[in-house]
Amino acid sequence: MTDQSRMRSIRTPALILKRRDFGEADRLLTILTPFQGKLDVIAKGARKLTSSKTGHVELYTRADMLIHRGRDLGICVQAEMTAPFLPLRENLNRGAHASYCAELLDRLTAEGETDAGALFKLMDDTFIRLSLEDDLRLTVRFFELRLLDLVGFRPELLNCVVEHEPLLPEDQFFDNASGGVVCPRHALRGTALVPLSMDGLKLLRHLQRSTWKQIESLKVPPQIHEEAERVMLGYITHLVERRLQSVDFIRRVRDLA
Ligand SMILES: [Zn+2]
């Protein structure tokens, strides 16, 4: 069998999450596809001005790609942009929010998980919303909660994580380590708990259980937005660090073997 026959070609929609220079003329892309999951592919000649077949590999766009998959990296041999999401590159603030969402998805997912249809739809919808919506924070919080559902880190917002009793309508705390709300009676002093007001919790619950249609016109007071952002960023930072540590750990074990 030759190398050629072992190669497999796929044509797929792809969202471009990350892009680095690779060698003299190529680019290494991290893309998200609905049926092959997240992949790293090389876009040959993508940095040459004259390159036409893979010329449209801008960040935070959707493209139809033809990819040759070898044993190692895939090679993108054709890319045709199907959604440019222009505001994400023309507006610094929108671009920064898109960059955060793309990086978060990248960090919380593994490569090659094939059943990624829901993830793909979420990322695509989020790029659309970040291009159009006024309240970018609402868009990002909604994205975070959906993403955490899909990757298995759904925060517990209905019951206290200590004894699982239903929460009373009062101010609570959030515990990053156990991934949920702790009631004031179980909140031990000296532990790293984050205060979460009743209104802040209401917003997060609403976002967690609703569709985008149900929340898109929600008007959120700035201080509630700030609180929800603080709590979510704290939890997500905790998850990403834990994940990085476990990846690090796996690498060290592999080096020993
Ligand atoms: Zn409790």
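Up top is the structure these notes are about.
The text that follows walks through the structure, step by step, so that each part is easy to find. (Residues numbered from 1 in each chain as written. Predicted model: local features only at pLDDT ≥ 70, side-chain atom pairs only at ≥ 80, totals over all residues.)

Helix and strand counts for the protein stand at 8 helices and 8 strands. Relative to its full complement of 257 residues, the protein shows a buried share of 31%. Sequence-distant contacts in the protein: of pairs separated by 6 or more residues, those separated by 24 or more amount to 56%. (Helix = DSSP H or I, 4+ residues; strand = E, 2+ residues; numbered from the N terminus. Buried ≥ 20, exposed ≤ 12 C-beta atoms within 10 Å, placed from the backbone. Contact = placed C-beta atoms within 7 Å.)

Generally speaking, nonpolar side chains in soluble globular proteins are found buried as a group. Among the nonpolar cores identified, the biggest contains 55 residues, and Leu 15, Ile 16, Ile 31, Leu 32 and Leu 105 are the most heavily contacted of them. In terms of residues, this core owes the most to one element, helix 5 (residues 136-151), which gives 7 residues. Structurally, this core is a two-domain feature, drawing no fewer than three residues from each of domain 1 (1-132) and domain 2 (151-256). With residues near it in sequence (within four places) discarded, Ile 16 still touches Leu 29, Ile 31, Val 57, Glu 58, Leu 59, Tyr 60, Thr 61 and Ala 63. (Core = buried A, V, L, I, M, F, W, Y, C linked by C-beta atoms within 7 Å. Domains from an automatic or database assignment.)

Turning our attention to the pairing of strand 4 (residues 62-69). Here 8 bridges tie strand 1 (residues 8-22) to strand 4, and the two strands are oriented antiparallel to one another. Opposite Arg 11, over in strand 4, you have Leu 66 as the bridge partner. Pairing geometry for strand 4 and strand 5 (residues 74-83), over 8 bridges, is antiparallel. Within strand 5, the residue paired with Asp 64 across the bridge is Glu 80. Between strand 4 and strand 5, which pair antiparallel one after the other, the connecting turn spans 4 residues. (Pairing = 2+ DSSP bridges.)

Now for the sheet that holds strand 8 (residues 193-196). What the 3 strands build is an open sheet, ordered 7-6-8; its pairing is antiparallel. Each edge of the open sheet carries a strand with a single partner, namely strand 7 (180-182) and strand 8. Across the sheet, the mean angle separating the axes of adjacent strands is 40° when strand polarity is ignored. Examined bridge by bridge, strand 6 (residues 172-175) and strand 8 share 4 bridges and lie antiparallel to one another. Counted as the bridge partner of Phe 173 is Pro 195 from strand 8. (Axes fitted to C-alpha atoms, helices over the stretch in contact; angles between N-to-C directions.)

To continue, consider the packing of helix 3 (residues 92-108) against helix 5. For any two helices packed against each other, the geometry comes down to the angle between their axes and how far apart the axes lie. Look at helix 3 against helix 5: their axes get within 11 Å of each other, and the N-to-C directions meet at 10°. If you check the angle between helix 3 and helix 5, you find them roughly parallel. From helix 3, Asn 93, Arg 94, His 97, Tyr 100, Cys 101, Leu 104, Leu 105 and Leu 108 reach across to helix 5, where they touch Leu 136, Val 140, Phe 143, Leu 147 and Val 151. Partitioned by chemical class, the residues of the contact of helix 3 with helix 5 number 10 nonpolar, 2 polar and 1 charged. (Parallel < 35°, antiparallel > 145°, perpendicular 65-115°, else oblique. Nonpolar A, V, L, I, M, F, W, Y, C, P; charged D, E, K, R; others polar.)

With that settled, the discussion passes to the environment of Gly 179. In this structure, Gly 179 sits in the loop between strand 6 and strand 7. C-alpha of Gly 179 to C-alpha of Arg 154: the two residues are 25 residues apart in sequence and 7.7 Å apart in space. Among residues more than four places away in sequence, those in contact with Gly 179 are Phe 153, Pro 155, Glu 156 and Tyr 235.

Now for unusual backbone geometry. The bulk of non-glycine residues show a negative phi, and the bulk of peptide bonds are trans. The phi torsion at Tyr 60 lies on the positive side, around 55°, for a residue other than glycine. Relative to the helices and strands, Tyr 60 resides in the loop between strand 3 (37-43) and strand 4. Residue classification places Tyr 60 among the buried positions, given that 27 C-beta atoms sit within 10 Å. With phi around 40°, Phe 85 is a residue other than glycine that occupies positive phi space. Counting through the fold element by element, Phe 85 comes out in the loop between strand 5 and helix 2 (87-90).

Helix length check: helix 5 (16 residues) gives 22 Å between terminal C-alpha atoms against 22 Å at 1.5 Å per residue, within 8%. Positive backbone phi, at 90°, marks Gly 152, one or two positions downstream of helix 5. (Expected span 1.5 Å × (residues − 1).)

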